Amino acid sequence: MNRRLSCLVLLAALSCTCAWGGTASAHTKKRTHAAEAPLTPRERAQQMLNRFSFGARPGEVESMMTNDSDGADKWFERQLKPSAISDRECERRMRDYPTMAMNAAQILETYPDRGTLARIVDGKQPYPTDPDLAAVYEVQVHKYKLERDTKQNASLFNVTEEQKQKNKEAAARIAADLYAMPKQDRMHALLKMPVEDRIIFTRYVQGPIRYSLLTDFTPREHEYFNAMSTTNSDATYRALDELAQATILRDILSERQLQAVMTDFWFNHFNIYAPKGQDRWYTTPYVRDAIRRNALGKFPDLLMATATNPAMMIYLDNWTSIGPDSPANIRKGKKGSRGLNENYAREVMELHTLSVNGGYSQADVIGLAAMLTGWSVDHPETAGPFFFDEKRHEPGTKQWLGQTIQQGGQEEGLAALKQLATSPKTAHFISWKLAQRFLADDPPASVVDKMAATYLQTDGDIKEILRTLVHSPEFNSRRYFRNKVKTPVEFVASVFRSTATDPTNPAAIVQTISNMGQPLYRALPPTGYYITADKWMNTSALLDRLNFALTLTSNRVGGQKFDSSRLLALGLMSQPAGASPLILATATMRSSQSSAHVVRTSQITSRKRNETGNQEEQMASGSTTHATGAGAELALSVLETSLIGGRVSAQTNGLILQQIEKPVANGGPATAPAKLDMLAAFVIGSPEFQQR
């Protein structure tokens, strides 16, 4: 095993130990006593940013603390009013993704599915009236006909290597022709070319040529290009690609961090699986209009917004639910075979409101499902809106939660949702979920009870519930400081924010998060993704994170540019008052020396546990007290303070300093820039950075 992988294994082992609280220690009582101590003002600022943003930027804690001991609270109060916060850079970047402002019908028109193409081919639907969009449709219709006639997907691209090479050469010739034109004329000229040429060009144009041309396209022209470049006729997944990329950009760049964090939380709570059927074009407006718009409002409004959104009706199949005795199920006096679908009725009680221990029965699920019949979507294949279909509604009285519900059409469901939203059980469950996300995996009952009381007093006002949390003794005690493990989304976003790295390739970032096990908008079960350490804190997952850190700092994540020297400079400028370079270097050197035996022991333990071979054996027998140079200690200490807000453990610190001095793969010493890149990577991969 090579040196880098050896270090990754050891750091991952340390990360797991750190996350789970380590092993038994003689200092357990001392640590328990310290855990009850309140946070310092600086720690409170760090706690606020760790929990209610996707990570502190360099110098943000210091800026929050400058001449203002209440800086953390003022920051939080500003974040509760996102519309009052200027967000120009984020809004500018969002303009690259026009579908973010579109309704479902506009998205489907931009990225048509096979059903749309079939209706056009069959003469049941006209081409778009916009000539440019119609030209894009010509490409998709051509692909659709090929697929239909050959009975296989992407048949146009099932070609030999020789033909692929010819197609690449043809694409290069077309690119040269386009380059000779003014930028504003290029897409128009492309759309005038024969369909086969458009397909070959958008599919096979390569490398820097492709990047340069795409850079010069307008956002709308980007969409034309993306739609034509699909490997098959269905382009709808491109809308989901845009949504995922725009989401991670917003998480990283937005000044409205609390709103971004709460949007992430509530979407996971009201999860839908975006690739399911028509949700490919309903998910974007669902996130924007149902989730983000209500993320800091009142829970009853949020619940109603999700319940009446086509995306939720389709994901949990309520749009297919028909009352067994409804007019829609009776034909010539005989009852049809269609009936209730219980999915949404069950999940709205189990996952959205009362919780799995909410005291309801299967009979209550059936009763609520009957009350919600008729809640449907008007022609979802053409992106119609939510509507109530009286013909599908089950007539008569219903039994639900010990009540007799009188016949009332859509009002039955509306009243039921209001009752669920105002239930004390819902107040407790939602408060517990919020406390789990922002305080601890197993939140204390004391704070949950206070939050639930606020919920009931304020009609589920999310702002007030969060205020109750942040002003609680629990939130401000050291026991719950840096005790939450970051999910992949939180980890990756925090890397970019804490290192001030410009996210220039969001597609590569989205793929990285997917590789780590959290593909955006693609959690299949209605429970969404787990947010607790037991899911994300394991050696395999942490190796992925460490590898990402090393890849990013080596500028190998989709062309992302990482500047460790700039990061070091930002870190130096944002050091806490009194933290002179001499003090930093001395403290780090002493720590690395005093931790030598700890690191050596952890290395030997890791070697015995994993039996990873000779490299670990050599590493374990080495000394960690050799001189690494004051420059390395200073750089490491600055990076730790800047990226984490404090120094890492003695174990991790000693291991990093030992590894940084080992020869690189070719046998020679690492250059100073390479060492700095490695230091940044190891701090990002450290156990402490994995926690917030």
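Our subject is the structure listed above.
So, a few notes on the structure that sits alongside this text. Note that this is a predicted model, so its numbers are computed, not measured. (Residues numbered from 1 in each chain as written. Predicted model: local features only at pLDDT ≥ 70, side-chain atom pairs only at ≥ 80, totals over all residues. Heavy atoms only, no water.)

Focus on the overall build of the chain
Regarding its fold elements, the chain presents 36 helices and 6 strands. The 692 residues of the chain split such that 55% are buried. Counted over contacts in the chain with a minimum sequence separation of 6, partners at least 24 positions apart contribute 76%. (Helix = DSSP H or I, 4+ residues; strand = E, 2+ residues; numbered from the N terminus. Buried < 20%, exposed > 50% of the residue type's maximum accessible area, 1.4 Å probe, protein only. Contact = heavy atoms within 4.5 Å.)

Some points on the nonpolar core
Most often, soluble globular proteins keep nonpolar side chains buried together rather than apart. Phe 52, Phe 201, Met 262, Trp 266, Leu 368, Leu 434 and Leu 466 are the most contacted members of the largest nonpolar core, which has 175 residues in total. Broken down by element, the residue count for this core peaks at 9 residues, all from helix 15 (residues 237–253). The residues contacting Phe 52, other than those within four sequence positions of it, are Trp 75, Phe 76, Gln 257, Leu 258, Val 261, Phe 438, Leu 466, Leu 469, Val 470 and Phe 475. Ranked by size, the runner-up nonpolar core spans 5 residues in total, among them Val 485, Trp 536, Met 537 and Leu 542. (Core = buried A, V, L, I, M, F, W, Y, C linked by side-chain atoms within 4.5 Å.)

Re the packing of aromatic side chains
For the coordinates displayed, the defined rule picks out 17 aromatic pairs. When the centroid spacing of 5.7 Å and the interplanar angle of 45° are considered together, the rings of Trp 266 and Phe 299 count as tilted. In this pair, Trp 266 is assigned in helix 16 (residues 257–269) and Phe 299 in helix 18 (residues 299–307), connecting sequence segments 33 residues apart. For Trp 266, a relative accessible area of 0% puts it in the buried group. Aromatic rings pair up to connect Phe 52, Phe 76, Phe 265, Trp 266, Phe 270, Phe 299, Phe 438, Tyr 455 and Phe 475 into one cluster. Over the ring of Phe 689 we find Lys 486; its NZ or CZ atom is 3.7 Å from the centre of that ring. Here the guanidinium or amino end of Lys 535 rests over the ring plane of Trp 536, the centre of that ring lying 5.5 Å away. (Phe/Tyr/Trp six-rings, centres within 6.5 Å; stacked < 30°, edge-to-face > 60°. Lys NZ or Arg CZ within 6 Å of the ring centre and 35° of its normal.)

A word on helix 17 (residues 279–291)
With 13 residues, helix 17 should reach 18 Å at 1.5 Å per residue; the first-to-last C-alpha distance of 15 Å falls well below that figure. Taken as a whole, helix 17 carries its principal kink of about 35° at Pro 285. Counting buried positions over the 13 residues of helix 17 gives 12, a clear majority of the element. Every buried residue belonging to helix 17 is among Asp 279, Arg 280, Trp 281, Tyr 282, Thr 283, Thr 284, Pro 285, Tyr 286, Val 287, Arg 288, Ala 290 and Ile 291, and all of these are buried. Buried residues in helix 17 make contact with helix 7 (104–110), helix 15, helix 16, helix 18, helix 19 (310–315) and strand 3 (375–377). (Expected span 1.5 Å × (residues − 1). Bend = angle between axes of the 7 residues up to and from the residue.)

Observations regarding the side chain of Asn 309
Position of Asn 309 relative to the elements: it lies in the loop between helix 18 and helix 19. Within the structure, Asn 309 has its side chain in polar contact with the backbone nitrogen of Ala 311 (distance 2.9 Å). Discounting chain neighbours no more than four positions away, the residues touching Asn 309 are Tyr 286 and Ala 290. (Polar contact = N/O pair within 3.5 Å; in protein donor to acceptor, adjacent residues only side chain to side chain.)

Re the packing of helix 18 against helix 22 (residues 410–421)
It is the contact of helix 18 with helix 22, at a shortest axis distance of 9 Å, that shows an interaxial angle of 140°. Our classification of the angle between helix 18 and helix 22 gives oblique. Our pair here, helix 18 against helix 22, has a crossing hand that is right-handed. From helix 18, Pro 300, Leu 303, Met 304 and Ala 307 reach across to helix 22, where they touch Leu 414, Leu 417 and Ala 421. Among the residues making up the contact of helix 18 with helix 22, the classes are represented as 7 nonpolar, no polar and no charged. (Axes fitted to C-alpha atoms, helices over the stretch in contact; angles between N-to-C directions. Parallel < 35°, antiparallel > 145°, perpendicular 65-115°, else oblique. Left-handed = near helix turned anticlockwise from the far one by under 90°. Nonpolar A, V, L, I, M, F, W, Y, C, P; charged D, E, K, R; others polar.)

Some words on the layout of surface pockets
Each pocket or cavity is described by its volume, and for the second largest pocket that value is around 920 Å³. Together, 26 residues line the second largest pocket, and Tyr 97, His 222, Gln 245, Thr 504 and Pro 506 are the ones closest to its centre. Going through the elements one at a time, helix 13 (207–216), helix 14 (219–228), helix 15 and helix 27 (506–515) are the ones with two or more residues in the lining of the second largest pocket. Counted by class, the lining of the second largest pocket contains 9 nonpolar, 10 polar and 7 charged residues. (1 Å grid on protein atoms, 1.4 Å probe; cavity = no way out; pocket = protein on both sides within 12 Å on 5 of 7 lines; lining within 4 Å. Points joined across faces, edges and corners; volume = space filled by probe spheres on them.)

What to know about unusual backbone geometry
A positive phi angle, near 65°, is found at Ala 383, a position not held by glycine. Topologically, Ala 383 is positioned in the loop between strand 3 and strand 4 (386–388). For Arg 482, which is not a glycine, the phi torsion comes out positive at approximately 55°. Tracing the backbone shows Arg 482 in the loop between helix 25 (462–470) and helix 26 (488–498).

Some words on the pattern of salt bridges
Summed over all chains, the structure comprises 31 salt bridges. Between Arg 92 and Glu 89 there is a salt bridge whose closest N-O contact spans 2.7 Å. Of the two residues, Arg 92 and Glu 89 are both situated in helix 6 (residues 88–94); the distance of 3 residues between them amounts to about one turn of the helix. Under the relative-accessibility criterion, Glu 89 is labelled partly exposed at 36%. Through salt bridges with shared partners, one network takes in Glu 89, Arg 92, Arg 93 and Asp 502. (Salt bridge = Lys/Arg side-chain N within 4 Å of Asp/Glu carboxyl O.)

Considering the environment of Pro 525
Here Pro 525 is to be found in the loop between helix 27 and helix 28 (533–536). Take Pro 525: its relative accessible area is 40%, and that puts it in the partly exposed class. Measuring from C-alpha to C-alpha, the distance between Pro 525 and Tyr 273 comes to 7.6 Å, with 252 residues separating the pair along the chain. In this view, Pro 525 contacts Asn 271 and Tyr 315; residues no more than four positions away in its chain are not counted.

Some thoughts on the packing of helix 24 (residues 445–457) against helix 25
In the contact formed by helix 24 and helix 25, the axes pass within 9 Å of each other and the chain directions differ by 150°. Judged on the interaxial angle alone, helix 25 and helix 24 are roughly antiparallel. Seen along the crossing, helix 24 lies across helix 25 with a hand that is right-handed. On helix 25, the residues touching Val 447, Lys 450, Met 451, Thr 454 and Tyr 455 of helix 24 are Glu 464, Ile 465, Thr 468 and Leu 469. In terms of residue class, the contact of helix 24 with helix 25 is built from 5 nonpolar, 2 polar and 2 charged.

Side note on the side chain of Thr 532
Within the fold, Thr 532 resides in the loop between helix 27 and helix 28. Relative accessible area serves as the criterion here: at 12%, Thr 532 is assigned to the buried category. Here the side chain of Thr 532 touches Asp 534 through a polar contact of 2.5 Å, side chain to side chain. Setting aside residues up to four positions removed in sequence, Thr 532 forms contacts with Gln 436 and Asp 441.

A short note on empty space enclosed by the protein
Any empty space left between the atoms is revealed when a probe the size of a water molecule rolls over them. Across all of its chains, the model carries 1 cavity of 30 Å³ or more by this definition. There is about 350 Å³ of room inside the largest cavity. Along the walls of the largest cavity sit 29 residues, with Asn 50, Ala 56, Ser 642, Leu 643 and Ile 644 positioned nearest its centre. Put simply, the parts of the chain that give the lining of the largest cavity at least two residues each are helix 3 (41–52), helix 4 (60–65), helix 26 and helix 34 (630–644). A per-class count over the lining of the largest cavity returns 7 nonpolar, 12 polar and 10 charged.

A word on helix 8 (residues 114–121)
When helix 8 is considered as a whole, its buried residues turn out to be Thr 116, Leu 117, Ala 118, Arg 119 and Ile 120. Buried-residue contacts for helix 8 involve helix 7 and helix 9 (131–150). Two residues or fewer after helix 8 comes Gly 123, characterised by a positive phi angle close to 75°.

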